[in-house]
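# What the coordinates show
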Amino acid sequence: MKNMFLPLLLLLTICFAACKKSAEGPGETPQTEYDNAAKVRAYIRDLGFPDNAVVENAKEFIAEGDIVFPKDMEVPSGKPKTEQYYTGSLVSSTNVTNIRLRIDASMTSMTSEINSAISQWNAISGCSINWTVTTGSSYDVIIIDSNLGSGVCGSGTFPSGGRAGGTIRINKAYIAGNSFAQRARTICHEMGHNVSFRHTNWSSIGESSATAVPGVGGTDASSLMNGGQCGSGATVLSTKDKQAAQVLYP
């Protein structure tokens with residue numbers, strides 16, 4: 001009887017140690033994810049977005065309703081430059097000349113609007129921003145349909161690690177009743193966020209700080225990058241929008 005008890009005790013001890021190790025192991029990943037999310041949250045504050053303008057969900061933070069910060073994004077080192085309506089984190093000179101956009105199957109019905117938006121950014125003279133549509137498995141940005149709720153027309157992701165923000169979400173059903181020009185405007189606006197543009201009217205919509213791109217200061221009622229104007233805003237990039245793009249991406 002004694003001989004049977006000792007092996008059983010040894011087996012239970014080994015099992016307890018192994019199970020404890022297994023249970024603790026996966027806990028390391030959530031802690032790492034939590035640490036990076038905290039860094040992202042601090043970065044958002046440094047950019048001038050007040051806490052009451054930021055919504056948190058399981059995988060991301062959303063500022064001002066349409067600017068997305070994934071919790072696993074690469075946070076730029078150093079203090080963000082809050083110079084004009086951009087984040088201080090730019091798409092690299094190598095990547096900005098060929099930003100490959102994948103149109104998800106959910107968005108193919110708005111291909112014409114997407115192409116119209118692309119043509120606006122690509123037509124800026126003296127600017128290296130260049131978007132291309134790809135159907136391959138390798139891409140930099142994907143545009144998808146997403147139910148973002150009433151009042152939100154779309155969202156874009158800021159750049160990180162020298163790459164354009166990876167996702168554009170369009171609330172297709174919500175903007176379906178808008179004119180072609182306004183639907184294209186929504187897409188063009190979100191593409192601006194993907195290459196680092198912030199809202200031109202940052203002050204009037206409650207962002208706490210922003211500095212003008214050198215030589216391109218002041219408010220601009222004609223800016224396509226004004227926030228909170230879905231369905232009613234400018235449908236073409238303004239002179240100042242283009243000048244800012246030329247300064248950021250010569």
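Before going further, it helps to spend a moment on the environment of Asp140. Turning to its location among the elements, Asp140 is positioned in the loop between strand 5 (131-134) and strand 6 (141-145). Distance in space between the C-alpha atoms of Asp140 and Asn98 is 9.0 Å, their sequence separation being 42 residues. Leaving out residues up to four positions away in the same chain, Asp140 has contacts with Asn98, Ile99, Arg100, Ala164, Gly165 and Gly166. There is a polar contact of 2.8 Å between the side chain of Asp140 and the backbone nitrogen of Arg100.

Here we come to the nonpolar core. Of all hydrophobic cores here, the largest spans 36 residues; its most connected members are Trp121, Ile129, Trp131 and Ile143. Listing elements by their share of this core, those giving two or more residues are strand 4 (99-103), helix 3 (111-122), strand 6, strand 8 (167-170), helix 5 (180-194) and helix 6 (239-248). Per-element accounting of this core gives the leading share, 4 residues, to helix 3. Among all residues touching Trp121, those that are not within four sequence positions of it are Ile129, Trp131, Cys188, Met191, Gly192, Phe197, Met225, Leu237 and Ala245. Within the second largest apolar cluster, 13 residues are counted, among which are Ala37, Phe61, Phe69 and Phe158.

Further remarks concern the sheet that holds strand 6. Read from one edge to the other, the open sheet built from 8 strands follows the order 1-2-3-7-8-6-4-5, with strand pairing classed as mixed. Either end of the sheet is taken by a strand with one partner, and the two such strands are strand 1 (54-56) and strand 5. Here the strands of the sheet are splayed against their neighbours by 25° on average, with no regard to which way each runs. Across the sheet, helix 3 is in contact with strand 4, strand 5 and strand 6; its angle to strand 5 comes to roughly 150°. Helix-sheet contacts for helix 5 involve strand 3 (67-70), strand 5, strand 6, strand 7 (154-157) and strand 8, and the interaxial angle to strand 7 is about 20°.

Our next topic: the pairing of strand 4. Here strand 4 shows one buried face, formed by Ile99, Leu101 and Ile103, and one open face, formed by Arg100 and Arg102. Sheet analysis places strand 4 next to strand 5, joined by 4 bridges and oriented parallel. Residue pairing across strands places Arg100 opposite Thr132, the latter belonging to strand 5. Following the backbone out of strand 4, through helix 3 and into the adjacent parallel strand 5, one traces a crossover that is right-handed. Sheet topology note: the strand 4/strand 6 ladder contains 3 bridges and is parallel. From the neighbouring strand, Arg102 faces strand 6, where its bridge partner is Ile142.

Reading guide: rules and limits
- Residues numbered from 1 in each chain as written.
- Predicted model: local features only at pLDDT ≥ 70, side-chain atom pairs only at ≥ 80, totals over all residues.
- Heavy atoms only, no water.
- Helix = DSSP H or I, 4+ residues; strand = E, 2+ residues; numbered from the N terminus.
- Contact = heavy atoms within 4.5 Å.
- Polar contact = N/O pair within 3.5 Å; in protein donor to acceptor, adjacent residues only side chain to side chain.
- Core = buried A, V, L, I, M, F, W, Y, C linked by side-chain atoms within 4.5 Å.
- Buried < 20%, exposed > 50% of the residue type's maximum accessible area, 1.4 Å probe, protein only.
- Pairing = 2+ DSSP bridges.
- Axes fitted to C-alpha atoms, helices over the stretch in contact; angles between N-to-C directions.
- Right-handed = clockwise from strand over helix to strand, strands pointing away.

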